[in-house]
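Notes for the structure review
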Amino acid sequence: MRKVMVLGIGQSSFGKFPDKTATELGTVAAKAAVHDAGIDPRMLQVAYGARAVDGSTTVQDILKNLGVTEIEMNNIENACGSGISAANLLWRDIATGSYDIGIVVGTEAMTTSSLAGKLLAPNKDDLDGQLGITMPSYFALIARRLMADYGATAEDLTYPSVKNHRNGCLNQYSMYKKELSAQEILESKMIADPITLLQCCPSTDGAAALILCSEAVARKYTSQMIQIRSSAMISGSFDEPGRDLVGFKMLGVAANKAYEMAGLGPEDVNVVELHDAFSPEEIWAYEGLGLCRKGEAISFMRSGAVDINGRIPVNPSGGLLALGHPLGASGVRVVCEIALQLRGDAGAHQVAKANVGVAEMIGGYLEGLCPPIAGGVQILTR
Amino acid sequence: MGNKRMIRDGIIGTDAGGPYLIGGKCKRCGAASFPKREFCAHCLSTEIEELPLSSTGILYSFTTTYRAVAKFKAPHSLGYIDLPEGVRVLSPLIPSQDKDFQIGDKMKLVITELWEEEDISVVGYKFELEEGE
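In this report, the structure presented in the accompanying data block is examined. Residue indices follow the written sequence of each chain, beginning from 1 at its first position. Key to labels: chains lettered from A, ligands numbered from 1, both in the order written. pLDDT decides what is reported in this predicted model: residues at 70 or higher carry local features, side-chain atom pairs at 80 or more are listed and counted, and totals for whole chains, interfaces and linings draw on all residues regardless. The side-chain figures draw on all heavy atoms in the structure; neither hydrogens nor water molecules are used.

Section: the pattern of salt bridges
The following threshold applies: The term salt bridge refers to a side-chain nitrogen of Lys or Arg lying within 4 Å of a carboxyl oxygen of Asp or Glu. Three exposure classes are used, based on accessible area relative to the maximum for each residue type with a 1.4 Å probe and protein chains only: buried under 20%, partly exposed in between, and exposed over 50%.
Taken as a whole and assessed by the stated rule, the structure comprises 20 salt bridges over all chains. Between A:Glu296 and A:Arg293 there is a salt bridge whose closest N-O contact spans 3.5 Å. We classify A:Arg293 as exposed; its relative accessible area is 62%. B:Asp105 is the salt-bridge partner of B:Lys99, the closest N and O atoms lying 3.1 Å from each other.

Description of the interface of chain B and chain A
Test applied: Contacts between residues were defined by any pair of non-hydrogen atoms, one from each residue, lying within 4.5 Å. Take the accessible area each of two parts loses on contact, using a 1.4 Å probe, and add the two losses: that sum is the buried area. N or O atoms within 3.5 Å of each other form a polar contact, as long as, within protein, one can give a hydrogen and the other can take it, and as long as residues adjacent in sequence are counted only when both atoms are side-chain atoms. Secondary structure elements are taken from DSSP: a helix is a run of H or I of four residues or more, a strand is a run of E of two residues or more, and numbering for both begins at the N terminus.
Listed as interface residues are 31 residues of chain B and, on the opposing side, 34 residues of chain A. Across the interface of chain B and chain A, roughly 2700 Å² is buried in total on both sides, 59% from carbon and sulfur atoms. Of all residues in chain B, the largest losses of buried area upon contact with chain A belong to B:Tyr60, B:Arg67 and B:Tyr80, amounting jointly to 20% of the total for that side. Our count for the chain B to chain A interface comes out at one salt bridge. A:Glu367 is paired through a salt bridge with B:Arg8; the nearest N and O atoms lie 2.6 Å apart. Our count for the chain B to chain A interface comes out at ten residue pairs in polar contact (both at pLDDT 80 or more). If you list the elements that add at least two residues to the side of chain B that touches chain A, you get β6 (56-65), β7 (76-83), β8 (87-94) and β9 (106-117) of chain B.

Section: helix α1 (residues 22-37) of chain A
All names here are of chain A. Short version of the rule: Any helix carries an expected span of 1.5 Å times its number of residues minus one.
In this model, α1 (16 residues) spans 22 Å end to end at C-alpha, consistent with the 22 Å of a helix rising 1.5 Å per residue. Every buried residue of α1 is accounted for by Ala22, Thr23, Leu25, Gly26, Thr27, Ala29, Ala30, Ala33, Val34 and Ala37. Close packing links the buried residues of α1 with β1 (4-11), α2 (58-64), β4 (101-109), β7 (205-214) and α8 (215-221). Positive backbone phi, approximately 70 degrees, marks Gly38, located one or two places after α1.

Below, the structure written as structure tokens:
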């Protein structure tokens, strides 16, 4: 396997842009990534688009706007994991030597999509979906067990939202630049108890793009060698009788695979960007990624370890909660954010001493399987 | 009116003891599931026998959604019920006037209309607190 380097990153602003299409948002991000890489866009040999709901040829439409045609282009649809799925495929293309340079563009025009204003739900013929499960209610069922099994208080559950909104104020691309108190979050409208509105990520329009290349190409264009050391993508497992809802089995499988491939462990990690669609979900993910020991997620969080100036800052960008969650974009955006942190270019939301970072994105729900259904973990180093 | 259909065929049975949920049990390794699968998710055997599930169980977790979801109006309560056969069932919950749900509550099965569409009554299952809870 060859080393895979991050050469270019870019994103659009995240927010409500109902007059912008997924292609327009994606074009902004792709042009920004090409500019950041300092390359001629016609050097690109392969392209992946990621979006959860859009037309069928999004990435061809975007790259047409950059003057790029007649190369391999694929569009990936994998729920909230779409972006990291696409990044994983490009990583593999470069690692295996199929191509030397390529681009991933994740984009979503949420406010004009069929998902606008809805609680995300499973497929139409899914029994659990018909019985009324949605992504917020699934994470509410988990949050209730975090309270019962781990002694989490209602205020504990708001903590990632408080922290990520504070971080979001420092990021120029955030949808929300407003600090929130635990009390404001608890007093906001109940969505699926114990999850309130301000513990849910917003519905967001936006895009992110990532250019990956071989080491030889990277050396010609940059002195900042940011490597994607490993990439693991995995589907949900069959549900098991009596399984512990808090035990994050599938994420642990993906994370362990990524750590093993990188030859690194969670103790080496300095910064993490992950899918915090719901505030309690972030708490749930600490253990899955091995950031703390089993059963210790609450004391780990209360220690301040995940704060922007803590031992392992989580979501210094503001995460999905403050930055926003354009479904297809988020899995690309987390990789861009980790690369930005490792370069030391994150400005006001830069974390100290970022040498090893983890990007995680997950999504999906299907009856009979243990969610998430599509999940990916990448480990980046400098 | 008067037309009924099940939310899904083959998941609710009835015997002398009343209605029950139809699970499946692998003849080879004993793993149980609800609904019954065509093969065992644990060992992939296709020899699966019907497993009538108990109509009472223990509430493992619960939530109430305060927005309309699927065909349900708000508020809509859902929970996981652990049944003695080793199966965890996701089910709508019928709230009690007298008592809020708590993890560990004893719950019992109710076969009931879930929603109406055009002139068809769609029938499925819910769980409610067992008397005395």
